[in-house]
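Examining the three-dimensional arrangement
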Amino acid sequence: MFTPTPGPPKIRLIPSNLRLQQIPMATRAETTSKRPKRGVPEGLWQRCPGCGESIYWKEAEKLLNVCPKCEYHFYVSAQERIRHVLDEGTFEEWDAKLRTADPLEFVDATKSYKDRLAAEQKRTGLADAALTGGGMIRARRVAFGVTDSGFIMGSMGSVVGERLARLIERATDESLPLIIVSGSGGGARMHEGILSLMQMAKVSAALGRYDQAGGLFISVLTNPTMGGVAASFASLGDLVFAEPKALIGFAGPRTIKATIRLELPKGFQTSEFLLEHGFVDRIVSRSRLKSEIARAIDYCGK
Ligand SMILES: [Zn+2]
């Protein structure tokens, strides 16, 4: 029920730029970018967004980029995720040569799409926001895909959609369990317009055929999973796992709040909230993800 709050509305008294200046230099990168930069220098102390404590990054790294104090799950890249989930040295990349065209010759506020792609490729070592291929999870062969929020927010353009569709088709042909880890906060990639939007339908249709063939699809949602990715493959798992406290939803909380003009429930769009409401089947911490996937494959007899 809606209860009016007495007194004037709460406003932020300290502007965010002022607060930033009070934070020591070493933690500024983390605070401004929302996620740690790639190639964190050795010995760096990081401020944990979960508990606010300074943590020794090497210690968090040993726990697969999880805060040792509060279990906050930091960002991991697609390549790291493969190392965390698949048996060592078993990943074999599929469709690595796919590259997007730039049919709209799109230019955003600061860069052309071509230049943006080139910069992201150089920075992340990825050709686009998804890696797909075959591999083993505790000696079970699987088709594996992962999207990376470090590459244009993990948004789904034609390459991400095509790679995932081909992954699903190959999983169907070879009767493989399918695992897709989503780290996509950007939804459909606006730089490719309608071509991005159609990827949602294409990937979903491929999943429909995979399902008819009796496949097992485990969708793993990580922080963040939003927009057109949440509205397509990420939500279509036979089993939907989520990392703790991940932001999962379609439109962001601020947009919804501004539209409906109501206070959102506490914890809205978190893994825990979605588990309670039946959208997520299980919350799995990063350290248990590999064994939980293996267990689910065995349990489903795949
Ligand atoms: Zn923490």
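My aim in this report is to walk through the structure given alongside it, one point at a time. On a predicted model such as this, the values are computed, not experimentally measured, just so you know.

**Some words on the overall build of the protein chain**
A tally of regular secondary structure across the protein chain gives 11 helices and nine strands. Classification of the 302 residues of the protein chain by burial places 38% in the buried group.

**Some thoughts on the pairing of strand E6 (residues 178-182)**
Taken across its five residues, E6 has five buried, putting it largely inside the fold. In E6, alternate side chains face the same way, and those of Leu 178, Ile 180 and Ser 182 on one face and Ile 179 and Val 181 on the other are all buried. Traced from strand E5 (residues 140-147) through helix H6 (residues 158-173) to E6, the parallel crossover comes out right-handed. Direction of pairing for E6 relative to strand E7 (residues 217-221): parallel, over a ladder of five bridges. By the bridge assignment, Val 181 is partnered in E7 with Val 220. Crossover handedness for the path E6 to helix H7 (residues 194-212) to E7: right-handed.

**Here's the deal with the sheet that holds strand E9 (residues 282-283)**
Strand order in the open sheet formed by seven strands is E3-E4-E5-E6-E7-E8-E9, and the pairing between neighbours is mixed. What marks the edges here is a single partner per strand, and that holds for strand E3 (92-93) and E9.

**Looking at the environment of Arg 189**
For Arg 189, the location among the structural elements is in the loop between E6 and H7. Classification of Arg 189 as buried rests on a count of 29 C-beta atoms within 10 Å. Here the alpha-carbon distance between Arg 189 and Gly 157, two residues 32 residues apart in the chain, equals 5.1 Å. Arg 189 has contacts with Ile 152, Ser 155, Met 156, Gly 157 and Ser 196, leaving out every residue within four places of it along the chain.

**Remarks on the pairing of E7**
For E7, a buried count of five out of five residues is recorded, marking the element as mostly surrounded by other parts of the structure. Here E7 shows a buried face lined by Phe 217, Ser 219 and Leu 221 and a second buried face lined by Ile 218 and Val 220. Bridge count between E7 and strand E8 (residues 239-242): four bridges; the pairing is parallel. Bridging across to E8, Leu 221 finds its partner in Ala 242.

**Quick word on the packing of H6 against H7**
Look at H6 against H7: their axes get within 9 Å of each other, and the N-to-C directions meet at 10°. Judged by the angle between their axes, H6 and H7 are roughly parallel. Note on element contacts: H7 touches H6 through Leu 195, Ser 196, Gln 199, Lys 202, Val 203, Ala 206, Leu 207, Arg 209 and Tyr 210, opposite Ser 158, Val 160, Gly 161, Leu 164, Ala 165, Ile 168, Glu 169, Ala 171 and Thr 172. Residue composition of the contact of H6 with H7, grouped by class: 10 nonpolar, five polar and three charged.

**Some details on the nonpolar core**
What tends to happen in soluble globular proteins is that the nonpolar side chains get buried as a cluster. Of all hydrophobic cores here, the largest spans 54 residues; its most connected members are Leu 164, Ile 168, Leu 178 and Ile 179. Ranked by residues supplied to this core, first place goes to H6 with seven residues. The residues contacting Ile 179, other than those within four sequence positions of it, are Val 142, Phe 144, Ile 218, Val 220 and Ile 293. Counting six residues, the second largest nonpolar core, distinct from the first, contains Cys 48, Ala 60, Val 66 and Tyr 72.

**Some words on unusual backbone geometry**
The omega torsion of the bond from Asn 223 to Pro 224 falls at -5°, within 30 degrees of zero and hence cis. Within the secondary structure, Pro 224 is located in the loop between E7 and helix H8 (227-230). Within the chain, Leu 64 stands out as a residue other than glycine whose phi angle is a positive 60°. Here Leu 64 lies in the loop between helix H3 (57-62) and helix H4 (78-85). In this structure Leu 64 comes out as partly exposed when scored by C-beta crowding, with 19 C-beta atoms within 10 Å. Phi at Asp 95 is positive, roughly 55°, even though this residue is not glycine. By the element assignment, Asp 95 lies in the loop between E3 and helix H5 (113-124). Asp 95 gets classed as partly exposed once you count the C-beta atoms within 10 Å, which come to 18.

About the thresholds
- Residues numbered from 1 in each chain as written.
- Predicted model: local features only at pLDDT ≥ 70, side-chain atom pairs only at ≥ 80, totals over all residues.
- Helix = DSSP H or I, 4+ residues; strand = E, 2+ residues; numbered from the N terminus.
- Buried ≥ 20, exposed ≤ 12 C-beta atoms within 10 Å, placed from the backbone.
- Right-handed = clockwise from strand over helix to strand, strands pointing away.
- Pairing = 2+ DSSP bridges.
- Contact = placed C-beta atoms within 7 Å.
- Axes fitted to C-alpha atoms, helices over the stretch in contact; angles between N-to-C directions.
- Parallel < 35°, antiparallel > 145°, perpendicular 65-115°, else oblique.
- Nonpolar A, V, L, I, M, F, W, Y, C, P; charged D, E, K, R; others polar.
- Core = buried A, V, L, I, M, F, W, Y, C linked by C-beta atoms within 7 Å.

Everything listed is a geometric property; what it means functionally is a separate question.
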